[in-house]
Amino acid sequence: MYTPNATIKPSPIILGIESSCDETAAAIICGRKLLSSEIISSATEQAKYGGVVPEIASRAHTEAVDEVVRRALESANVSANRLDAIAVTYGAGLLGALLVGLSFAKGLAYSLNIPLIGVNHIRGHLAAAYLVDEELKPPFVTLLASGGHTAVLYTKNYLEFKVLGGTCDDAAGEAFDKVARVLGLEYPGGANVERLARSGSNTVKLPPALVKNSTRMQFSYSGLKTAVINAVHNAEQRGEAISYADVACSFQHAAIDPLVKKTVECALSLGATTVTAGGGVIANGYLREALSSACKRAGLRCVLPPKQFCTDNAAMIASEGLTQYLAGNFSPLDINACAQIPLV
Ligand code: KG4
Ligand code: ZN
């Protein structure tokens, strides 16, 4: 029976490990203070195939995990025997990829006789905001927008959140990636669409990513994606010139404006004074500016993680690990990887 040394300290040193997709990442925190964050990415290799190839991702994690953890310890100037716990993503994500980080974390936690904390990747994205503002406390409303999820959430306390509304089809990041492909841009698509959009204007008529007349707040990206495909193909079939930069800019508005509007509306209607955000799409400069300005106009405090902590990273996993550590929620060594975990 594995009985780790689990005296709960108020400011523990936690190693976070993330390997759910194509980034192998490790980070060290001491309490909410971030000491280091390292990433080795296989994105360039994946770009040759236009997306993530699971087998390539797993192999890349196997080659990188030891090195990335070593770098994180070294740049934090922390030796492994000073760690109080290891937090690791156990899902959602690619099974083979998750298993690499999880197995490594289990072995290290066992050898150091410290607790292992399995972290839900999405909760990690939500916890990234705690690293920006060490005083941040629930309640708050969060806009979550990643490659697999799009939702507005209400975090009641450190351990509980409620989904206020979400997408009924594709996630926002997925839509960015699909539109990137239509516009001939390389994987990973989101950042490339943003780059192209900077030289365009919002002149192509596209439907906003919001379900009209719904009793629930629902976003929808499949109609918007189809409208982009139609706009490009119709213009090309008619032999008309169409500016891809204008398409990218117009898509960005249609994809992001409803998210910003609804997030602020939710915060106001719930009487929350703070808005946070998490997930890869929150790295988008237009979204960051639009959400910050809308919050400011509404008198809300807006806490946005820096861009490098919006896309996948291990600092957010360590941050969520801290929340679970303080609640004494440790994982057994037989915890398995999960490809899918429901939002709540
Ligand atoms: O959170 P994340 O790194 O991975 C998931 O957990 O899914 O999110 C990845 C998603 C991808 O779909 C990517 O295209 C999108 O985030 N993304 C962006 C930007 N950077 C990453 N979307 C729009 N603008 C960006 N700058
Ligand atoms: Zn993610």
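Each residue is numbered by its place in its chain's sequence as written, counting from 1. Each chain gets a letter, beginning with A, and each ligand a number, beginning with 1, in the order they are written. Only residues with pLDDT of at least 70 are given local features in this predicted model, and only at 80 or more are side-chain atom pairs given and counted; all residues enter the totals for whole chains, interfaces and linings. Excluded from the side-chain calculations are hydrogens and water; all other atoms, namely the structure's heavy atoms, are used.

## Notes on the overall build of the chain
Step number 1: Of the regular secondary structure elements, the chain holds 10 helices and 11 strands.
Step number 2: Radius of gyration here is computed from C-alpha atoms only, and the compact-globule reference equals 2.2 Å multiplied by the residue count raised to the power 0.38. Here the C-alpha radius of gyration of the chain, 20 Å, is about what a compact globule of 344 residues would show, namely 20 Å.
Step number 3: The principal-axis extents of the C-alpha atoms in the chain amount to approximately 70 × 45 × 30 Å.
Step number 4: When a residue's accessible area, from a 1.4 Å probe over protein chains only, is under 20% of the maximum for its type it is buried; when over 50% it is exposed; and in between it is partly exposed. The buried share of the chain, taken over its 344 residues, is 53%.
Step number 5: Residue contacts follow a heavy-atom distance rule, with two residues in contact if any of their heavy atoms lie within 4.5 Å. Here the contacts in the chain between residues at least 6 apart in sequence split such that 73% fall between residues at least 24 apart.
Step number 6: Surface accessibility follows the Shrake-Rupley procedure with a 1.4 Å probe radius. Residue values consider only the protein chains on display as shielding. A total of about 14800 Å² of accessible surface is found on the chain, and carbon and sulfur atoms cover 52% of it. Helix numbering and strand numbering both begin at the N terminus, where a helix is a DSSP run of H or I of at least 4 residues and a strand a DSSP run of E of at least 2.

## What about the domain arrangement of the chain?
Step number 1: Here the chain is described as being made up of domain 1 (13-128 + 313-326) and domain 2 (138-309).
Step number 2: Those domain boundaries reflect an automatic or database domain assignment. For domain 1 versus domain 2, the distance between C-alpha centres works out to 27 Å.
Step number 3: Each side of the interface is counted separately: domain 1 has 20 residues, and domain 2 has 18 residues.
Step number 4: In this assembly, domain 1 packs against domain 2 so that about 1500 Å² is buried in total across both faces, 65% of it on carbon and sulfur atoms.
Step number 5: Here, a salt bridge means any side-chain nitrogen of Lys or Arg that lies within 4 Å of a carboxyl oxygen of Asp or Glu. In this structure, the connection of domain 1 to domain 2 is made through zero salt bridges.
Step number 6: Throughout this description, a polar contact denotes any pair of N or O atoms lying within 3.5 Å of each other; where both atoms belong to protein, one of them has to be capable of donating a hydrogen while the other can accept it, and for residues adjacent in sequence the pair is counted only when both atoms sit in side chains. Run the count over domain 1 and domain 2 and you get six residue pairs in polar contact (both at pLDDT 80 or more).
Step number 7: Listing elements by their share of the side of domain 1 that touches domain 2, those giving two or more residues are β3 (33-41), α1 (43-47), α4 (121-132) and α10 (315-326).
Step number 8: Considering every element that reaches the side of domain 1 that touches domain 2, the biggest residue donor is α4, with five residues.
Step number 9: Its residues assigned to classes, the side of domain 1 that touches domain 2 comprises nine nonpolar, eight polar and three charged. The term buried area refers to how much accessible surface (probe radius 1.4 Å) is lost by two components on association, counted for both of them together. Classification convention: Asp, Glu, Lys, Arg as charged; Ala, Val, Leu, Ile, Met, Phe, Trp, Tyr, Cys, Pro as nonpolar; all other residues, Gly among them, as polar.

## Things to note about the coordination of the zinc ion (ligand 2)
Step number 1: As a rule, N, O and S atoms within 2.8 Å of a metal are its donors, except that Na, K and Ca use 3.2 Å; water is not among the atoms, so sites may look incomplete. Looking at the metal site, the zinc ion (ligand 2) is ligated by H121 (NE2), H125 (NE2) and D312 (OD), spaced 2.0 to 2.1 Å from it.
Step number 2: When the donors of the zinc ion (ligand 2) are listed by position in the chain, the intervening gaps give H-x3-H-x186-D. With H125 in helix α4 and D312 in the loop between β11 (301-303) and α10, this pair connects stretches of sequence that are 187 residues apart. Just as H125 is buried, D312 falls in that class too.

## Observations regarding the state of the cysteines
Step number 1: Defined by distance alone, a disulfide is two cysteine sulfur atoms within 2.5 Å. This model, assessed by the stated rule, comprises zero disulfides.
Step number 2: Lacking any disulfide linkage, C266 is separated from the closest cysteine sulfur, that of C295, by 12 Å.
Step number 3: Lacking any disulfide linkage, C338 is separated from the closest cysteine sulfur, that of C21, by 17 Å.

## Some points on the sheet that holds β3
Step number 1: Strand order in the open sheet formed by five strands is β3-β2-β1-β4-β5, with mixed pairing between adjacent strands. Of all strands in the sheet, those bounded by a partner on one side alone are β3 and β5 (116-120). Averaged over all pairs of adjacent strands, the angle between strand axes in this sheet comes to 20°, irrespective of strand direction.
Step number 2: At least two bridges found by DSSP between two strands are what make those strands a pair. Direction of pairing for strand β1 (residues 13-18) relative to strand β2 (residues 23-30): antiparallel, over a ladder of six bridges. Within β2, the residue paired with G16 across the bridge is A27.
Step number 3: All axes are obtained by fitting lines to C-alpha atoms, using only the stretch in contact for helices, and the reported angles, taken between N-to-C directions, cover 0 to 180 degrees. The strands that α4 touches are β1, β2, β4 (85-91) and β5; relative to β5, the one it contacts most, it runs at about 100°.

## Observations concerning the pattern of salt bridges
Step number 1: This model, assessed by the stated rule, comprises 15 salt bridges.
Step number 2: A salt bridge links E55 to R59, with the shortest nitrogen-to-oxygen separation between them at 2.6 Å. With E55 and R59 both in helix α2 (residues 54-76) and four residues apart, the pair spans about one turn of that helix.
Step number 3: We classify E55 as partly exposed; its relative accessible area is 45%.
Step number 4: The class for R59 is exposed, based on a relative accessible area of 54%.
Step number 5: As a salt-bridge pair, D170 and K178 come within 3.2 Å of each other at their nearest N and O atoms.

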